[in-house]
Amino acid sequence: MTRLGRCGNALRVRAGVDDEAFHQRYRQGRWFRREVGAEVEIAAPVGRVWDALVDLAAYPTWNPFTVAVRGGLRVGSPVDLFVSFDGRRPFRQREWVNRVEAGRVLCWGTRMGPAWVLTANRWQWVEPLGADRCRYRTTDRFSGWLVPLVFASYGPAMERAFTAMARALAREVERRG
């Protein structure tokens, strides 16, 4: 078994993790459900957008929200996100990759204690709109008793950060040509 998690509430996953079962650990619960997100149309094919999205090493050069990432993109793996709201000093947020559908979907999420305390799962989709055009959508789905506090503290900043990141991804992909 591989230990995943923190704060004494570790998740346990057997070697050869069942991707769908692991993903379901981060599904939105029924208490205090909220979402934050953004979307943008990009003048590039899906493959180019996906390549930029999964090029974690390049995030510091273009991403104003997630300014650095440590980790890989295998389901069940931790990923340390260094996030910055409104240009403030970045802080580390450990999340767990819980869905990867190459060229389409990337999810990472976190839980604080049991799922009813706080669960958040960040979805990122790339959808074709034609041969040379696509849509990038990102949504963080929150649930749990701490959601009102999280949104009172960070709600508007999260909205601005998600919008800035989506726009920056579009600029980066179009710059790469």
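Everything numeric here is computed off the predicted structure, so don't read it as measured data.

**Student:** Explain the overall build of the protein here, please?
**Tutor:** Looking only at helices and strands, one finds 4 helices and 9 strands in the protein. When the helices and strands of the protein are listed from N to C terminus, the series reads β-β-α-β-α-α-β-β-β-β-β-β-α. Within the protein, buried positions represent 46% of all 177 residues. Partitioning the intrachain contacts of the protein with sequence separation of at least 6 by distance along the chain shows that 53% fall at a separation of at least 24. Accessible surface for the protein amounts to roughly 9,200 Å². Of this, 51% is attributable to carbon and sulfur atoms.

**Student:** What is the right way to read the packing of aromatic side chains from this model?
**Tutor:** Each aromatic ring pair is described using two quantities: the centre-to-centre distance and the angle formed by the ring planes. For the coordinates displayed, the defined rule picks out 9 aromatic pairs. Aromatic rings pair up to connect F65, F85, F91, Y154 and F162 into one cluster. Lying across the ring of F162, R122 places its NZ or CZ 4.5 Å from the centre. Over the ring of W125 we find R137; its NZ or CZ atom is 4.2 Å from the centre of that ring.

**Student:** Explain the pattern of salt bridges to me, please; I cannot follow it from the model alone.
**Tutor:** Proximity of charged atoms lets side chains of opposite charge pair with each other. This model, assessed by the stated rule, comprises 14 salt bridges. Here the residues in one salt-bridge network are E39, E41, E127, R133, R135 and R137, joined through shared partners.

**Student:** Looking at this model, I keep getting lost on the side chain of D80. Mind explaining?
**Tutor:** Relative to the assigned elements, D80 resides in strand β5 (residues 78-83). Within the structure, the side chain of D80 is placed 3.1 Å from the side chain of R92, a separation counted as a polar contact. Non-local contacts of D80, meaning those with residues more than four positions away in its chain, are made with A68, V69, R70, R92, Q93 and R94.

Cut-offs applied
- One numbering rule holds for all chains: residues counted from 1, following each sequence as written.
- For this predicted model, a pLDDT threshold of at least 70 governs which residues receive local features, and a threshold of 80 or more governs which side-chain atom pairs are given and counted, while totals over whole chains, interfaces and linings are taken from all residues.
- Side-chain numbers here rest on the full set of heavy atoms in the structure, without hydrogens or water.
- The secondary structure listing takes helices from DSSP runs of H or I that are at least 4 residues long and strands from runs of E that are at least 2 residues long, numbered from the N terminus.
- Per-residue accessibility, obtained with a 1.4 Å probe over protein chains only, is compared with the maximum for each type, and a residue is labelled buried under 20%, exposed over 50%, and partly exposed between these values.
- Whether two residues are in contact is decided by their heavy atoms, any of which lying within 4.5 Å being enough.
- Working definition of accessibility: Shrake-Rupley area with a 1.4 Å probe, residue cover restricted to the visible protein chains.
- Whether two aromatic rings pair depends on their centres lying within 6.5 Å, for rings of Phe, Tyr and Trp, where Trp uses its six-membered ring; planes under 30 degrees apart make the pair stacked, over 60 edge-to-face, and the rest tilted.
- Counted as over-ring charges are cases with an Arg CZ or a Lys NZ within 6 Å of the ring centre that also lie within 35 degrees of the ring normal.
- Should a side-chain nitrogen of Lys or Arg be within 4 Å of a carboxyl oxygen of Asp or Glu, the pair is scored as a salt bridge.
- Polar contacts, as counted here, are pairs of nitrogen or oxygen atoms within 3.5 Å of one another; within protein the pair requires one atom able to donate a hydrogen and one able to accept it, and residues that are adjacent in sequence qualify only if both atoms are side-chain atoms.

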